[in-house]
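Residues per chain, in single letters:
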Amino acid sequence: MRDKDLYAQILGIESPWQVTSVELAVSEGEVTVYVGQASGAKQCCPTCGEVSPGYDSRKRRWRHLDACQYKTILVADVPRVKCEEHGVVTVSVPWAEPGSGFTAMFEALVIDWLKEASISAVSRLMGLSWNSIDGIMQRAVERRLARREDISPTHIGVDETAFKKRHDYVTVVSDQEAGTVLHVGPDRKKATLKAWTTI
Ligand SMILES: [Zn+2]
């Protein structure tokens, strides 16, 4: 199996996206996977889903799960379309949320670690800034808000993670059945959980 096919499978890259090349920088401990679209692929507005004419593209980078201890970076020229209704907008990519510099799988791993360890431990071990971790938590909360109507209160679990440092902890509320994060609170006080239940 060629390395491009291998990475396409590992990353879950599907048509019209394809892995175009893979570069290994041994000294930096980094693998860069370049992803592009097959020519002629139809582009849709991310808001209304209408097929729209291409406008230009923007180079974007996302950190993905490490592969064999190599930091793995996805790079793609993401098309922008000109939607009649919504103007010039960047199309959605299947592996990451808009505005994130991390793939969805990487963000899920960070949230899992936050249930088990302190923010400072996750920051140190995964090489992430506190701002990055905060962004990942915020997006988890936004996903929860978007799904609020689907929540079954009988399947809610609360993981409280307390840390040595005074503010270095979060409360992660998850839907145990679906395995999804419903809420990430800034501390482990009862008020945090109460705030979640009254949103
Ligand atoms: Zn549109």
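Residues numbered from 1 in each chain as written. Predicted model: local features only at pLDDT ≥ 70, side-chain atom pairs only at ≥ 80, totals over all residues. Heavy atoms only, no water.

1. Re the pairing of strand β2 (residues 30–37)
Argument step 1. Where strand β1 (residues 17–25) meets β2, eight bridges bridge the pair, whose relative direction is antiparallel. Among the inter-strand pairings, W17 is bridged to a residue of β2, identified as Q37.
Argument step 2. Counting the residues that bridge the hairpin from β1 to β2 gives four residues, and of these G29 lies at a positive phi of roughly 65 degrees.
Argument step 3. Both β2 and strand β4 (residues 70–83) contribute to a ladder of six bridges, which runs parallel. Pairing of E30 across the sheet is with K71, part of β4. (Pairing = 2+ DSSP bridges. Helix = DSSP H or I, 4+ residues; strand = E, 2+ residues; numbered from the N terminus.)

2. Description of the pairing of strand β3 (residues 54–67)
Regular strands place side chains that alternate from one sheet face to the opposite one.
Argument step 1. Across eleven bridges, the pairing between β3 and β4 is antiparallel. Within β4, the position partnered with R60 by the bridge is A76.

3. Details of the packing of aromatic side chains
Argument step 1. All told, the structure shown has three aromatic pairs when counted by the stated rule.
Argument step 2. Judged by centre distance (5.3 Å) and plane angle (90 degrees), the rings of W62 and W95 are edge-to-face. With a gap of 33 residues between them, W62 in strand β3 and W95 in the loop between β5 (87–90) and α2 (104–116) connect regions that are remote in the sequence.
Argument step 3. Residue W62 is classed as buried on the basis of its relative accessible area, which comes to 1%.
Argument step 4. Residue W95 is classed as buried on the basis of its relative accessible area, which comes to 8%.
Argument step 5. When the centroid spacing of 5.2 Å and the interplanar angle of 10 degrees are considered together, the rings of F102 and F106 count as stacked. Exposure class is identical for F102 and F106. Each is buried. (Phe/Tyr/Trp six-rings, centres within 6.5 Å; stacked < 30°, edge-to-face > 60°. Buried < 20%, exposed > 50% of the residue type's maximum accessible area, 1.4 Å probe, protein only.)

4. A few points about unusual backbone geometry
Argument step 1. In this structure, the amide linkage connecting S15 to the following residue, P16, adopts the cis form with an omega of 10 degrees.
Argument step 2. Of note, P16 is situated in the loop between α1 (3–11) and β1.

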